[in-house]
Amino acid sequence: MRLTVAQALLRFLANQWSERDGVERRLISGVFGIFGHGNVAGIGQALAERGAGIGDALPYYLARNEQAMVHTAVGYARTLDRLSTFACTTSIGPGATNLVTGAALATINRIPVLLLPGDVFATRVANPVLQELEDPRSFDVSVNDALRPVSRFFDRINRPEQLPSALLAAMRVLTDPAETGAVTLALPQDVQAEAWDWPEELFARRVWHVARPVPEPAALERARTLLRSSRRPLIVAGGGVIYSGACAELAEFAEEYGVPVAETQAGKGSLRHDHPCNVGAIGHTGTAVANALARKADLVIGIGTRYSDFTTASRTLFGQARFLNVNVAAFDAAKHAGTMLVADAREALRVLGPDGWRAGWTFERPERAVLEGFTQAVVLDAVNDAVGEDGVVVNAAGSMPGDLHRAWRAAGPHSYHVEYGYSCMGYEIAGGLGVKLAAPEREVFVLVGDGSYLMMAQEIATAVQEGVKLIVVLVDNHGFASIGGLSEAVGARRLGTAYRARGASGGLDGELLPVDLAANAASLGADVLRAGDRAELVSALVKAREAMRTTVVYVRPETGSGVGASAWWDVPVAEVAENPEAREARVRYEEAKREQRIYL
Ligand SMILES: Cc1ncc(C[n+]2csc(CCOP(=O)(O)OP(=O)(O)O)c2C)c(N)n1
Ligand SMILES: [Mg+2]
């Protein structure tokens, strides 16, 4: 069949399916793209020829920023337990490098996305093309090579014949639960438009079976032996529990063997907030109850977790515990010298428990804090009520992820969507759009700080374009509350963390900036409601829920009154400094660092 490389690529993608537990779905649900000279005649032409409308097998979506379209693909794929995602096409140069942050986010969170950046002419006949890097050491380097370290598979299609094997390799990585992340096929602009005679078999319907590896018998025996020797086990549930669909099995295991379950950011919602075994968030942003158990535990059973420094409180949290790690990726199962159980979480939980064994300790559950005034905690509590049983909350960076992790009452596994692998400012609205595209029947509540909003608010326009309804709660505290607090704690005097004009002293300590983010949101096409206290917020959220259009609820909560952390986080402090706060912070830092250990 004679087609261009771009036409062949799209025809192939439209015929790829994923399958798990007997359910088949489209692996690539559509194409997000921003066109330029690097992709307009290739993928752009091929999409136009396909019809490119909704209802077509590969609908096209216009986003406002290439980074944002990767976030949208991640929000979508995470909501669908990594069984379906989007492709993202870009021009060359800046369009392509705008993908790098999104790719890093996807790979770190182990979420599949297919990136199709345009690349400079393979023939090089007219180089340098507009936006070409021109590396004097080598002409086969382009800016797209910046995507290599943040991609789990990267290839550049310099000749049409290379396409089929690259496509098969790309689909395998996208659907491999242990390897998945950003997959990049760099497409030189001339090659995209080049024709070739393709074998018909390339376009046959192809099903990628997403594996559920079962534990190896010897490894399972070792895990059971370890469990039998444990009196005080604690489960740390990570995102892998949710992606595997292992929540019911986790609840059964915890109930049957009497094991408390603490949750990471990605694992929050594995158990309902009121499940008797749920002791809440773990780590730096964890509950006092979960962290106290972590300090006393003799065995940590990590399930589907990558043990980020927030989870381990920078390796100060787990007293003398040994580790049993259930993970589909051997890389994560081996962490902290753990006993490795390389397996799908659901399959492992079904067979893990040894007969007659039961945990030998009792535990309390975290209590709900009493809240007053109109602080951020009150805002989040009111949003929590509005999200209810069927909504979803989305967030990523700033001071909210910590407050949410500790206090949010999650109704279930897909009701809590906080991106905290990369904690990327700007993920919120773009990621929320992806969540809503994956779960149109649910109300999606995006919580976004003013700092994050100013980095990437423009996808509100994309939501309006698509007629996709988001509820965005915009929390304006005139700058970086999170980093402001951190700055003060490390003796950096809150430098550059408030949105203020340059003042008489020459510093950024003048008047608050007269920036009207509510007006900005309205200008992007959203309906906007302002709320000044809890009662107004509650009624704004009711209205927003009833609305048919994307609605931004704008709040300016009182500052301060954050909850103190019950576990440490390693952020280095200046070893020598003139200001006394930094010197005092250094003393505290060195003291805390003594608790840090290598788990062996
Ligand atoms: C892209 C990006 N740049 C910088 C950071 C570092 N950072 C983390 S939180 C934060 C401030 C966030 O401000 P805002 O969204 O207003 O939330 P707040 O801290 O005020 O709650 C910064 C700069 C980041 N996480 N992501
Ligand atoms: Mg802020």
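The name that an unreviewed UniProt entry assigns to the protein chain is 3D-(3,5/4)-trihydroxycyclohexane-1,2-dione acylhydrolase (Decyclizing), with the source organism given as Acrocarpospora macrocephala.

Chemist: I'm lost on a negative patch on the surface in this one. Help?
Modeler: A surface patch of like charges, here negative, comprises Glu252, Glu255, Glu256 and Asp355. By the element assignment, Asp355 lies in the loop between α14 (345-351) and α15 (376-387). Asp355 gets classed as exposed once you look at its relative accessible area, which sits at 75%.

Chemist: Would you explain the coordination of the magnesium ion (ligand 2) in this entry?
Modeler: Any two of four tetrahedral donors ideally make an angle of 109.5 degrees at the metal, while pairs among six octahedral donors ideally make 90 or 180 degrees. Taken together, the protein donors to the magnesium ion (ligand 2) comprise Asp450 (OD), Asn477 (OD1) and Gly479 (O), at separations of 2.0 Å. Site description for the magnesium ion (ligand 2): donor spacing in sequence, D-x26-N-x1-G. Of the two residues, Asn477 and Gly479, neither departs from the other in class, the shared state being buried.

Chemist: Please clarify how the site of ligand 1 should be interpreted in this entry.
Modeler: Around ligand 1 sit 15 residues in total, of which Ser399, Asp450, Gly451, Gly479 and Ser482 are the nearest. Take Gly479: an N or O atom from its main chain is 2.8 Å from an oxygen atom of ligand 1. In isolation ligand 1 has 580 Å² of accessible area, and contact with the protein removes 77% of it. Sorting the residues of the shell around ligand 1 by element identifies α18 (450-455) and α20 (481-489) as the ones contributing at least two each. Sort the elements by how many residues they give to the shell around ligand 1 and α18 lands first, with 4 residues. Looking at the shell around ligand 1 residue by residue, the classes come out as 5 nonpolar, 9 polar and 1 charged.

Chemist: What is the right way to read the environment of Ala193 from this model?
Modeler: Along the chain, Ala193 turns up in the loop between α7 (189-192) and β10 (195-197). Along the backbone, Ala193 and Glu419 are 226 residues apart, and their C-alpha atoms lie at a distance of 37 Å. If we ignore the near neighbours within four places in the chain, the residues touching Ala193 are Thr4 and Ala41.

Chemist: Is there a simple way to think about the sheet that holds strand β5 (residues 60-62) in this case?
Modeler: With parallel pairing, the 6 strands of this open sheet are ordered in space as β5-β4-β6-β7-β9-β8. The sheet terminates laterally at β5 and β8 (153-156), the two strands that pair on one side only. Here the average twist between neighbouring strands, direction ignored, is 20°.

Chemist: Looking at this model, I keep getting lost on a nonpolar patch on the surface. Mind explaining?
Modeler: On the surface, Leu454, Leu513 and Val515 cluster together into a nonpolar patch covering about 230 Å² of accessible area. With respect to the helices, strands and loops of the structure, Val515 is situated in the loop between α20 and α21 (517-523). Residue classification places Val515 among the partly exposed residues on the basis of a relative accessible area of 43%.

Chemist: Would you mind going over the sheet that holds strand β17 (residues 339-342) with me for this structure?
Modeler: As summarised here, the arrangement of the 6 strands in space is β14-β13-β12-β15-β16-β17, forming an open sheet in which the pairing is parallel. Among the strands making up the open sheet, the edge pair consists of β14 (278-281) and β17. Pairwise comparison of adjacent strand axes, ignoring direction, gives a mean angle of 20° for this sheet. Judged from the 5 bridges that link them, strand β15 (residues 299-303) and strand β16 (residues 322-327) form a sheet pairing that is parallel. Bridging across to β16, Gly302 finds its partner in Asn325. Strands β12 (233-237), β13 (261-263) and β14 of the sheet are contacted by helix α11 (residues 288-296), whose axis makes an angle of about 100° with β14.

Parameters at a glance
- Within every chain, residues take consecutive numbers counted from 1 along the sequence as written.
- The order in which chains are written sets their letters, starting at A; the order in which ligands are written sets their numbers, starting at 1.
- In keeping with the model being predicted, local features are shown solely for residues with a pLDDT of at least 70 and side-chain atom pairs are shown and tallied solely at 80 or more, while totals for entire chains, interfaces and linings include all residues.
- Hydrogens and water molecules were not included; the side-chain quantities draw on all heavy atoms of the structure.
- Patches here: salt-bridge-free residues with over 30% relative accessible area, like charges joined within 9 Å, nonpolar side chains (Val, Leu, Ile, Met, Phe, Trp, Tyr) joined within 5 Å.
- Residue-level accessible areas treat just the shown protein chains as cover; the underlying method is Shrake-Rupley with a 1.4 Å probe.
- Salt bridges, as used here, are contacts in which a Lys or Arg side-chain nitrogen is within 4 Å of a carboxyl oxygen on Asp or Glu.
- Think of it this way: Lys and Arg go in the positive column, Asp and Glu in the negative one, and His and the chain ends go nowhere.
- Where a charge lies is defined by one atom per residue type, namely NZ (Lys), CZ (Arg), CG (Asp) and CD (Glu).
- Each helix corresponds to a stretch of at least 4 residues labelled H or I by DSSP, and each strand to a stretch of at least 2 residues labelled E; elements are numbered beginning at the N terminus.
- For each residue, the accessible area found with a 1.4 Å probe, counting protein chains only, is set against the maximum for its type, and the residue is called buried under 20%, exposed over 50%, and partly exposed in between.
- Counted as donors are N, O and S atoms no farther than 2.8 Å from the metal, or 3.2 Å for Na, K and Ca; water is not among the atoms, and sites may therefore look incomplete.
- The rule for a residue being near a molecule or strand is that one of its heavy atoms must lie within 4 Å of it.
- Under this definition, polar contacts are N or O atom pairs within 3.5 Å; protein pairs additionally need one hydrogen-donor-capable and one acceptor-capable atom, and for neighbouring residues in sequence, both atoms have to be side-chain atoms.
- Residues are grouped as follows: nonpolar covers Ala, Val, Leu, Ile, Met, Phe, Trp, Tyr, Cys and Pro; charged covers Asp, Glu, Lys and Arg; every other residue, Gly included, is treated as polar.
- Residues are treated as being in contact if the distance between any of their heavy atoms lies within 4.5 Å.
- DSSP-based pairing: two strands are paired if at least 2 bridges between them are found.
- Axis lines are fitted to C-alpha atoms, over the contacting stretch for helices. Their N-to-C directions set the angle, which ranges from 0 to 180 degrees.

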